[in-house]
Amino acid sequence: MLANPKGLRSHYASAVTDEIIGHEVSVCGWIASVREHGEHLTFIDLRDSTGVVQCVISDRIELHPEWVIRVVGKVSKRPGGTENPTLPSGQVEISDASLEVLSKANAVPFSVSDQKDLPDESVRLRYRFVDLRRARLQRNIRTRAQINKAIRHSLESFGFLEIETPMLWTPTPEGAREFSVPSRLQPGNFYVLPQSPQIAKQLLMVSGFDRYYQIARCMRDEDLRSDRQFEFTQLDLEASFVTQEDVREFITQAVSDATQAATGQSNLAFPSITYREAIARYGSDKPDIRFGHEIFELSDLFAGSGIRALDQPSVGAFIAPAKGEFSRSKLDQLVDRAKALGAAGLLWFRIKQGTDGSLEVDSPIAKFLKNEHIAEIVTRLGAKTGDVVLAVSGEFKATRSVLGTLRTELGRANLELEGLRYLWVIDFPMFEGLDDAGNPIAAHHPFTMPNADDFELMFSDPLAVRAQSYDLVLNGWELGSGSIRIHDPKIQSDVFKALGISDEVANQRFGFLLDAFGFGAPPHGGFAFGIDRLAALLCGEDTIREVIAFPKTQSGLDLMTGAPKQIAKDTLQSYGLAISESQKKA
RNA sequence: GGACCUGUGGUGCAGCUUGGAGUGCACGCCGGCCUGUCAAGCCGGAGGCCGCGGGUUCAAAUCCCGUCAGGUCCGCCA
């Protein structure tokens, strides 16, 4: 697995196999377990970064778990019947071993084992250096490195050049909240940590580095989630003279290679779907397509029917993913859940066979439904006897939002989901909704190129303008997004105008970028995706904390170091800063 | 900013609904025994501000209020 051990050891633990029986080896690592059998026989499981090997010593010395030791001895075949098939090294052992204690250890607060119930995450984080010894985290961190390596290799083969960009950047008031860094040499002024290298990489395009990439650390001072930390890592990429199809091809190749490196799986499909279709069929712009249960539109069926709950602009319905039967109380819970998600209500239809063999439904509104309604619902959704159909009516956007959440929640709770299902979501809208002043809100960032066919809608019907932007989705997680950027100052000016950003404000915020675009900007576009999320999904983890060596808690604390902490008064003074009494926290 | 779940020897849990002596299980730790175990086994032992503060009560791990910490989610994440 690993080559060329040096120094104090000749072999890694997992390299001690029946192929080197008779060799004298020296191995180094931590004591995973000690099994004493009287005065003259002790078994020690020695654990290193590759695995575990059993050592046998015949004298009795003081030994405890997690002590660091070096063992020198001869590789022997284990006596018949004592092999351990669960270990790669289980056919052999290091016998007649002499043992040197390199470092003693206090009793660890929890066992370094994947086989036991894990301690509370706060305990794991407090002693992260111990937690990281566990095989699963060792594997995750290594897999993550393999992913980075594969991505680098893939992009280098396309001629991409790795370029670093500043960590001390300039405030840009749009977008995510930034971490501020006070300046000592310019007291009262601040750098910010980059929320992404977006503007820097566009400047690199102006500079003629036509294929740039970076495995970039980014910081956003926003609330944390299972898939979000303050600090995260993204593959950041930008290329000149390319179409959006070119960019997606680069990313597809890099992600495929990373997937193969991490999981061995190859030839995975990367289908694409338009944003509109994703919302209509899955109620989400990041659909989990590991399962179907798609949403169907039924409003046409009930238009003019007079059934108030269904005679609505939009009626979306899908077959509920089920594990066994839906009890009445379970259905009541779903109705509550739908209401909590903002729906006026949730209609359910249990498909059943009537005594005469015809189709019937159990439903709160069964008595209003005609036979042709039932037949059409069943036909359109492909429902079978026993299925429960859930429907939400109202405005299109609202119904899809509620149904999409229910579909995802029920699917993940009730179905056996496995495999990796990538999906490109394309043709995102340029703007999403209007702000309080009635101006459109940029769906991506304000440098995103509108679809050429939609230019004329920019001011007449901005919400209908599609952007040349695209997201990559894996198993319902948004991995990342990208776009073709605006390189034409006239179009950029129109977009700022549509967003309600005056030339003056635009110059104030992004003057240096607009300035640069006046000196010969190539058409360009790019992408960025989250390495943490990709690594978590490829490792089969539910949170990105499991693929980050030293993550923070949801309240932004580092339980191991105690950060954030107060800093010395004279340090504050050198920045020209003071902490107000009301802000002080013990 | 908000909602929900959790907090009991070093660790994982039970106890809380219906208040009555820190009670129980598993692991770990310490000591002893043990020559083929492998999450070794057997015997013995130590270890607790029941997160913290307040309230109700004759009496609180248990009920109430607040607070802190961990998690999940909403808002937020151009």
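S.K.: Can you help me understand the environment of Tyr127 in this one?
M.R.: Its location among the elements puts Tyr127 in the loop between helix H1 (121–126) and helix H2 (128–131). Since 16 C-beta atoms lie within 10 Å of it, Tyr127 is described here as partly exposed. Separated by 434 residues in sequence, Tyr127 and Thr561 have C-alpha atoms that sit 9.9 Å apart.

S.K.: Help me understand the protein's contact with RNA strand B, please; the structure alone is not making it clear to me.
M.R.: The local shell around RNA strand B holds 53 residues, among which Ser33, Gly38, Asp223, Ser226 and Gln554 are the closest. Every element with two or more residues in the surface near RNA strand B is listed here: strand E1 (24–36), strand E2 (42–48), strand E3 (51–57), H1 and strand E19 (440–442). Across the surface near RNA strand B, the residue classes break down as 15 nonpolar, 21 polar and 17 charged.

S.K.: So what exactly am I meant to see when it comes to the pairing of E2 here?
M.R.: Successive side chains on a regular strand alternate, one facing one side of the sheet and the next facing the other. Of all the seven residues making up E2, six are buried; the element is thus mostly covered by neighbouring parts of the structure. Across six bridges, the pairing between E1 and E2 is antiparallel. The partner of Arg35 across the bridge, within E2, is Phe43. Taking the residues that link successive antiparallel strands as the turn, the E1-E2 hairpin has five residues, and the phi of Gly38 there is positive, at about 80 degrees. The antiparallel pairing of E2 with E3 creates a hairpin that spans two residues between the two strands.

S.K.: Sorry if this is basic, but what is going on with helix H5 (residues 244–263) here?
M.R.: Along an α-helix, residues three or four positions apart point the same way, because every turn accommodates 3.6 residues. The end-to-end C-alpha distance of H5, which contains 20 residues, comes to 28 Å, matching closely the 28 Å that a straight helix rising 1.5 Å per residue would cover. Immediately downstream of H5, the backbone of Gly264 shows phi near 85 degrees, a positive value.

S.K.: How should helix H3 (residues 135–157) be read in this particular structure?
M.R.: With 23 residues, H3 ought to run about 33 Å at 1.5 Å a step, and its terminal C-alpha atoms sit 33 Å apart, in line with that. For H3, every residue scored as buried is listed here: Leu137, Asn140, Arg144, Ile147, Ile151, Ser154 and Leu155. Looking at the buried positions of H3, the neighbouring elements they touch are H2, strand E9 (211–219), strand E10 (231–240), H5 and helix H13 (531–539). A positive backbone phi angle near 85 degrees is found at Gly159, which sits one or two residues after H3.

S.K.: Mind showing me how you'd approach the domain arrangement of chain A here?
M.R.: As a measure of interface size, the accessible area lost when the parts come together is often cited. Under the domain assignment used here, chain A contains domain 1 (13–103), domain 2 (118–265 + 522–586) and domain 3 (291–417). Placing a centre on the C-alpha atoms of domain 1 and another on those of domain 3 gives a separation of 61 Å.

S.K.: Would you mind going over the sheet that holds strand E13 (residues 314–319) with me for this structure?
M.R.: Within a beta sheet, neighbouring strands are joined by backbone hydrogen bonds and run either parallel or antiparallel to one another. Spatial ordering of the open sheet is given by E12-E13-E16-E14-E15, a layout of five strands whose pairing is antiparallel. Only two strands of the sheet have a single partner each, and these edge strands are strand E12 (296–297) and strand E15 (359–362). In the sheet, E13 pairs with strand E16 (residues 388–394) via six bridges, with the strands oriented antiparallel. Bridge pairing in E16 links Val315 to Ser393.

S.K.: Before we go on, may I ask you to explain the nonpolar core in this structure?
M.R.: Across soluble globular proteins, nonpolar side chains show a tendency to be buried alongside one another. Among the nonpolar cores identified, the biggest contains 91 residues, and Leu237, Ala317, Val389, Leu390 and Leu534 are the most heavily contacted of them. Both of domain 2 (118–265 + 522–586) and domain 3 (291–417) provide at least three residues apiece to this core. Setting aside residues no more than four positions away along its own chain, Ala317 makes contact with Ile295, Phe296, Leu298, Ile377, Leu381, Val389, Leu390 and Ala391. If you look at the next biggest cluster of nonpolar residues, it comprises 24 residues, including Val25, Val27, Leu46 and Val75.

S.K.: Could you clarify how one ought to interpret the sheet that holds strand E21 (residues 477–484) in this entry?
M.R.: The eight strands are arranged E6-E9-E10-E22-E21-E20-E17-E11 in an open sheet whose pairing can be described as mixed. Among the strands making up the open sheet, the edge pair consists of strand E6 (161–162) and strand E11 (272–274). Direction of pairing for E6 relative to E9: parallel, over a ladder of two bridges. Looking at the pairing, Glu162 lines up with Tyr213 of E9.

What counts and what doesn't
Residues numbered from 1 in each chain as written. Chains lettered and ligands numbered in written order. Predicted model: local features only at pLDDT ≥ 70, side-chain atom pairs only at ≥ 80, totals over all residues. Helix = DSSP H or I, 4+ residues; strand = E, 2+ residues; numbered from the N terminus. Buried ≥ 20, exposed ≤ 12 C-beta atoms within 10 Å, placed from the backbone. Near = placed C-beta within 6 Å. Nonpolar A, V, L, I, M, F, W, Y, C, P; charged D, E, K, R; others polar. Pairing = 2+ DSSP bridges. Expected span 1.5 Å × (residues − 1). Contact = placed C-beta atoms within 7 Å. Domains from an automatic or database assignment. Core = buried A, V, L, I, M, F, W, Y, C linked by C-beta atoms within 7 Å.

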